[in-house]
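Letter by letter, the chains look like this.
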Amino acid sequence: MGDSITAGNGAGSRPGDVLDVLTQYRGLSWSAGGDHNLSSVTTLPNILREFNPSLKGFSVGTGRENSPGAFLNQAVAGSRAEDLPAQARRLVDLMKNDTSINFQEDWKIITLFIGGNDLCDVCNDPFRYSPENFTSNIGKALDILHAEVPRAFVNMVKVLQIISLRELYQEKNVSCPRLILRNLCPCVLKFDDNSTELASLIEVNKKYQEGTHQLVESGRYDTREDFTVVVQPFLEKVDMPKTPEGLPDSSFFAPDCFHFSSKAHAHAASALWNNMLEPVGQKTTQHKFESKINIMCPNQDWPYLSTYKNDVQDYGSRLLCSDRAPSASPPTSVHALRPADIQVVAALGDSLTAGNGIGSKADDLSDVTTQYRGLSFSSGGDSYLEKVTTLPNILRKFNGNLTGYAVGTGDANDTNASFNQAVPGAKTKELASQVQTLIQKMKDDHRVNFQGDWKIITVLIGGSDLCDYCTDSNLYSAANFFVHLRNALDLLHREVPRALVNLVDFMSPSVMRQTFLGNLDKCPQQQASVFCNCVLTPRESSQELARLEAVTQAYRSNARELVESGRYDTREDFSVVLQPFFSNLRLPILEDGSPDLSFFAPDCLHPSQKFHSQLSRALWVNMLEPVGRKTDTLDLMADIPLPCPTQNKPFLRTARNSNYTYPSNPAIENWGSDFLCTEWNPSTSVPTSVHELRPADIKVVAALGDSVTTAVGARPSNTSDLPTSWRGLSWSIGGDGDLESHTTLPNILKKFNPNILGFSTGTREETAGLNVAVEGARARDMPTQARDLVERMKNSAEINLHKDWKLITLFIGSNDLCHYCENPEAHSAQEYVWHIQQALDILYQELPRAFVNVVEVMELAGLYQGQGDTCVMPLAAQSNCACFRGSQENSLKMQELKTVNWNFQSGISGFSFRPQYLQREDFAVVVQPFFRHTLAPLNNRGGADLSIFSEDCLHFSEHGHAELAIALWNNMMEPVDRKTTSNNFTYSRTKLKCPSPESPYIYTLRNSQLLQDKAAAGPTELPWATPVAAGCGLVVGIGTVMAWRALRRRQRGNPPISLNTVSF
């Protein structure tokens, strides 16, 4: 189908015989001629006849489209695109009615070439021959073929670059009938070289080509397995063939110097055939017709004609978007930005964006240092989309003139890195420097109109910060992450016009650990500390790992808070959009349970090309999804098709064009909890065994301890006096209000037994109940408190001492730690454990039916580090806790305190296993370790969450008490060997665990199924709670203690000043 070129006008004419150009030599036509054979006449049918001599449909001899020899060459001389639907209709009817053709079964090659006559007349009727009408008319013809012709491969040949015809027309040394030529194609030949009319023609020619490409690549003709249309672009950039003397070679033209000679037809046939075999995206678009074009052959590896579907290779993708047009005029608002409006792409970040190891072979660990920037998900431009899926390759389908993408390998300074300025190992603090470099490169690049071009900048940072977090928790704190990220985004916002910034989440440390540690035999374990020490080396369930997870969440919260602050939505031409697809990554798991390493580079940390392809697809999906409804999960095994902008929603999504309002944090009215448990009933009869004790069986609550248990400062003080003890709000013994408004252990138990006794209310001593805790108390005071408690119980008329079940919570040690340095011997771990044991012995001897919670002392240093300048002093405990005075985080003094703190915890962790407390059926001591790996609670910015602290920044607020109560209760609901050992103070009203029909009891050693297995062997077999471990801890601490004391002796020339302090 087509015009006079395909009809063969003048193809066989002798030089000088201008009139013979009217003869249509269809047998010589490049795409449909079948005269003679390939050895004498090169045409597409003659090439195909070498494969199938029974080929039908080709033309022979001369004549018009309705002559017998024309057969299925239905091209009409003088046709324009508007005539194609009629040609298609006639062609379909001919095939259906020809008895030699099995219309349903025979495979068909149909070649369509049109556009020369449209371009020749476009200046006379711009609307009739507009690019939109041109593309629409081709679409109508292809729609007919698609709807009616089975088993068809359609070549859609792009219109040639017709401007080159002017060279032949203007060259005086070449004999051409210029008057005839000018009449044949006036709009190409009659205007001056620098005229606006000629510039307009060139632009229309280009839009004809682009429109054809977009129409076919929309995928509308790939909905059936037996039909496709493929663009063949070999004429897209064809130059005028030249003689050895450099003159236009008229031997390629018919005598009218307009139509093709048989020589040109032969070259066109060869070029078309080669295009048909070349992969999509790699097809030749420019030929030197004066050079011989060798005919390619299919091979065993690739025997097929190339289509869009069979050409998606390796990690390529298919984009089936029909509308790829830019805005009618360049948009001035980022909220009206279409993909085709993007002219520049850039990326910032660390080694993931730099492309480390993307293309490395599985066994080549050393190659991970190679930066495969051309394959990077956010900025790579290697190859083309059908072979390499990257964001730039997707965007190039909308705008072939996109710039800024990286190609090949190299570092950020290499020319081919272009605007990928990511640096391996970069931390967030270095991001602003990358921004400055990027801005300068954009300004210096002649391809970029810095003020006028729209830019996509993708930022991914944070992983390297986490890898080094444990080496300096202050430097890599979430608060600093926030500040550094804000500085970089502020710089972009201030300096870069017309930009949409994608802020992408970083890979979760848990994913890195799962991959690396889940393949011990395949990943370079010995280099874990080199690759990412703070993520890969901590033990499971360790404090370090728990802290890392908390900081990770704080990083992410910070990024979201920064974007949702609206800080970057103050200009019409700039916005930052959080793309959250990386937040929840689903690793593919092999049958043996190990992660699939084909998604990773040889170091098991950096993503491979397979992984990057999925990242590119997920990012593109996020960019088209409305803010507030973006996908935040990435399944690496999922088939992720590339979506298209729609007519109703053609823009890249921002908060404004998503009609999204950034959320505000609602004020928390109280620190109560919602209780969702269903097992509320007591035992059918009062149990005689502590190992069958249900929460509803508890009749009495009591507590021993210090100011944490008396709840000093739980609410702000209205006076300048010492802080008030709000015993009714105390985590372990307070009973003010109810659970919905105040979370305390007694208020939880009230849900099971509303008549429970012993809890404190208010602030007065008279309403303290069985809260015998005293402000400033130390472990040495516990025996006295135990005797006081026993006497109160014995003297209470409401308590049946022998029948009522009692729940007693003992928590002590903070003041011992605070004053350890004043008298290490008196506050040693041995003394600490001995005093607590004395108290427990009293309770054991005097109280029947008792369950005793012994709560491990908090890690004091960990709890109060990170408060920064928000309190009076950098470390609040310095003003209330003598041993913290002047102690920096990594000082020898602080390390000693941490060692002693750990020895305190280790010393009492074995109380659950002490044989003397296992002799009675109605008594149990259970250590509750939720404070063991105490985390400094962080707010969303990564700073200290002071809402859990009282005014003195030392004691706990009502919020803090609620968190302690939840942690204690949840520990009681957990088996002895599987108790939670950390608390990150993340508030939620639904954190309380529930008893279940299968496990209705408060856990003891025996009902945790540990008594026979482990207690018999002694606690030495429990690595987390052994006297041996405690002893080892003490031994390990001796060196630190001795060194510190020696240093202390040298400093005694300036004795410490005694301060009046508020104690725990």
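Residues numbered from 1 in each chain as written. Predicted model: local features only at pLDDT ≥ 70, side-chain atom pairs only at ≥ 80, totals over all residues. Heavy atoms only, no water.

Asks: How would you summarise the packing of helix 13 (residues 431-444) against helix 15 (residues 478-495) if you had to cite specific residues and measurements?
Replies: Between helix 13 and helix 15, whose axes approach to 8 Å, the crossing angle comes to 20°. It follows from the interaxial angle that helix 13 and helix 15 lie roughly parallel. Between helix 13 and helix 15 lies a crossing of right-handed hand. Taken together, the residues of helix 15 that come into contact with helix 13 (itself represented by Leu431, Ala432, Val435, Gln436, Ile439 and Lys443) are Leu485, Ala488, Leu491, Leu492 and Glu495. Across the contact of helix 13 with helix 15, the residue classes break down as eight nonpolar, one polar and two charged. (Axes fitted to C-alpha atoms, helices over the stretch in contact; angles between N-to-C directions. Helix = DSSP H or I, 4+ residues; strand = E, 2+ residues; numbered from the N terminus. Parallel < 35°, antiparallel > 145°, perpendicular 65-115°, else oblique. Left-handed = near helix turned anticlockwise from the far one by under 90°. Contact = heavy atoms within 4.5 Å. Nonpolar A, V, L, I, M, F, W, Y, C, P; charged D, E, K, R; others polar.)

Asks: If you had to explain the packing of helix 16 (residues 509-517) against helix 17 (residues 528-536) to someone new, which residues and values would you point to?
Replies: Between helix 16 and helix 17, whose axes approach to 10 Å, the crossing angle comes to 130°. As the angle between them shows, helix 16 and helix 17 are arranged oblique. Two packed elements cross with a definite hand, and for helix 16 against helix 17 that hand is left-handed. Contacts between helix 16 and helix 17 involve Pro509, Met512, Arg513, Phe516 and Leu517 from the former and Ala528, Phe531, Cys532, Val535 and Leu536 from the latter. Residues that form the contact of helix 16 with helix 17 fall into these classes: nine nonpolar, no polar and one charged.

Asks: Hey, could you go over the pattern of salt bridges for me, with residue numbers and the actual values?
Replies: If you walk through the whole model with that rule in mind, you get 41 salt bridges. One salt bridge in this structure joins Arg560 and Glu564, with 3.5 Å as the shortest N-O distance. Highlighted residues: Arg560 and Glu564, both in helix 18 (residues 543-564), separated by four residues, approximately one helical turn. Using a relative accessible area of 37% as the deciding quantity, one classes Arg560 as partly exposed. Notably, a salt bridge pairs Glu921 with Arg1006, separated by 2.9 Å at the nearest N-O pair. Here Glu921 is found in the loop between helix 26 (892-908) and strand 13 (923-928), whereas its partner Arg1006 is found in the loop between strand 15 (982-983) and helix 28 (1011-1015), with 85 residues between them in sequence. According to the relative accessible area criterion, Arg1006 is partly exposed, its value standing at 35%. One salt-bridge network, held together by shared partners, links Arg89, Asp93, Lys96 and Glu148. (Salt bridge = Lys/Arg side-chain N within 4 Å of Asp/Glu carboxyl O. Buried < 20%, exposed > 50% of the residue type's maximum accessible area, 1.4 Å probe, protein only.)

Asks: Tell me what's going on with the sheet that holds strand 10 (residues 698-705), and back it up with residues and numbers.
Replies: Ordered by their spatial adjacency, four strands build an open sheet running 10-11-12-13, and the pairing between neighbours is parallel. Strands at the two margins of the open sheet, each flanked by one partner only, are strand 10 and strand 13. Ignoring which end each strand starts from, the neighbouring axes of this sheet average 20° apart. Pairing between strand 11 (residues 805-811) and strand 12 (residues 850-855): six bridges, direction parallel. (Pairing = 2+ DSSP bridges.)

Asks: Break down the environment of Ser383 for me, with residues and values.
Replies: By the element assignment, Ser383 lies in the loop between helix 11 (351-354) and helix 12 (391-395). Taking the C-alpha atoms as reference points, Ser383 and Thr709, separated by 326 residues in sequence, lie 67 Å from one another. If near-sequence neighbours (up to four positions away) are discounted, Ser383 is found in contact with Val388, Asn393 and Arg396.

Asks: So, the packing of aromatic side chains: which residues are in play, and what are the values?
Replies: Scanning the entire structure with this criterion turns up 27 aromatic pairs. Where Trp30 meets Phe113, the ring centres are 5.5 Å apart and the plane angle is 85°; that geometry is what we call edge-to-face. Of this pair, Trp30 sits in the loop between helix 1 (4-7) and helix 2 (44-49) while Phe113 is found in strand 1 (residues 108-113), placing the two residues 83 residues apart along the sequence. Taking the relative accessible area as the measure of exposure, Phe113 reaches 4% and is therefore buried. Look at Phe252 and Phe289: their rings are 6.4 Å apart centre to centre, the planes differ by 65°, and that puts the pair in the edge-to-face class. (Phe/Tyr/Trp six-rings, centres within 6.5 Å; stacked < 30°, edge-to-face > 60°.)

Asks: Please give an account of helix 13 that cites residues and values.
Replies: A turn of α-helix holds 3.6 residues, and therefore any two residues three or four places apart point the same way. Under the 1.5 Å per step criterion, the end-to-end length of helix 13 is 20 Å for 14 residues, consistent within 8% with the ideal 20 Å. Of all the positions in helix 13, only Leu431, Gln434, Val435, Leu438, Ile439 and Met442 are classed as buried. Down the axis, helix 13 shows its buried residues gathered within 135° of arc, on one side only. In this structure, the buried residues of helix 13 make contact with strand 4 (342-349), strand 5 (454-460) and helix 15. (Expected span 1.5 Å × (residues − 1). Arc of directions from axis to C-beta.)

Asks: For helix 3 (residues 84-97), give the residues involved together with the corresponding values.
Replies: Over its 14 residues, helix 3 runs 20 Å from end to end, which matches the ideal 20 Å to within 8%, given 1.5 Å per residue. What helix 3 keeps buried is the set Leu84, Pro85, Gln87, Ala88, Leu91, Val92 and Met95. Buried residues of helix 3, seen end-on, are gathered within an arc of 155° and therefore sit on one face of the element. Among the structural elements, strand 1 and helix 5 (131-148) are those in contact with the buried residues of helix 3.

Asks: Describe the nonpolar core, and please don't skip the residues or the numbers.
Replies: Residues Ile457, Phe582, Phe611 and Trp620 are the most contacted members of the largest nonpolar core, which totals 98 residues. Apart from the residues lying within four places of it in its own chain, the contact partners of Phe582 are Leu352, Leu460, Val504, Asp505, Phe506, Met507, Arg556, Phe611 and Leu615. (Core = buried A, V, L, I, M, F, W, Y, C linked by side-chain atoms within 4.5 Å.)

Asks: Break down the pairing of strand 4 for me, citing the residues and quoting the values.
Replies: Successive residues of a regular strand alternate their side chains across the two faces of the sheet. Judged by how many residues are buried, strand 4 sits mostly within the fold: seven of eight residues are covered. In terms of strand pairing, strand 4 meets strand 5 through seven bridges, oriented parallel. Among the inter-strand pairings, Val345 is bridged to a residue of strand 5, identified as Ile456.

Asks: Lay out the sheet that holds strand 1 in plain terms, naming residues and giving numbers.
Replies: Across the sheet, which stays open at both edges, the three strands sit in the order 1-2-3 with parallel pairing between neighbours. Two strands in the sheet have a free side with no partner beyond their single neighbour: strand 1 and strand 3 (227-232). Here the strands of the sheet are splayed against their neighbours by 20° on average, with no regard to which way each runs. Of the strand pairs in this sheet, strand 2 (residues 152-157) and strand 3 are connected by six bridges, and their pairing is parallel. Bridge pairing in strand 3 links Ala152 to Phe227.

Asks: Give me unusual backbone geometry: which residues, what numbers.
Replies: Among all residues except glycine, the phi angle is most often negative; among peptide bonds, the trans geometry is most common. Phi is positive for Ser383, close to 55°, though the residue is something other than glycine. The class of Ser383 is partly exposed, set by a relative accessible area of 33%. For Cys604, which is not glycine, the phi dihedral falls at a positive 65°. With respect to the element layout, Cys604 can be found in the loop between strand 8 (584-586) and helix 19 (609-624).

Asks: Describe the environment of Gly380, with residues and values.
Replies: Tracing the backbone shows Gly380 in the loop between helix 11 and helix 12. With relative accessibility at 0%, the residue Gly380 sits in the buried group. For Gly380 and Ala406, which are 26 residues apart along the polypeptide, the C-alpha to C-alpha distance reads 4.9 Å. Once residues within four sequence positions are removed from consideration, Gly380 is found in contact with Arg373, Gly374, Leu375, Thr390, Pro392, Asn393, Tyr405 and Ala406.

Asks: I'd like a description of the pairing of strand 6 (residues 499-504), backed by residues and values.
Replies: Counting buried residues along strand 6, six of its six residues qualify, which places the element largely inside the surrounding structure. Residues Ala499, Val501 and Leu503 point to one face of strand 6 and Leu500, Asn502 and Val504 to the other, with burial holding for every one of them. In terms of strand pairing, strand 5 meets strand 6 through six bridges, oriented parallel. In the sheet register, Val459 faces strand 6, and the bridge partner there is Leu503. Note that strand 6 and strand 7 (residues 574-579) share six bridges and pair parallel. Of the residues in strand 7, the one forming a bridge with Val504 is Gln579.

Asks: An account of the environment of Lys979 is requested, with residue identities and associated values reported.
Replies: Relative to the elements of secondary structure, Lys979 occurs in the loop between helix 27 (958-972) and strand 15. Distance from Lys979 to Gln928, taken between C-alpha atoms, is 7.5 Å for residues 51 residues apart in sequence. In this structure, Lys979 is in contact with Val926, Val927, Gln928, Pro929, Asn971, Met972, Glu974 and Tyr1003, ignoring residues within four places of it in sequence. Within the structure, Lys979 has its side chain in polar contact with the backbone oxygen of Glu974 (distance 2.7 Å). (Polar contact = N/O pair within 3.5 Å; in protein donor to acceptor, adjacent residues only side chain to side chain.)

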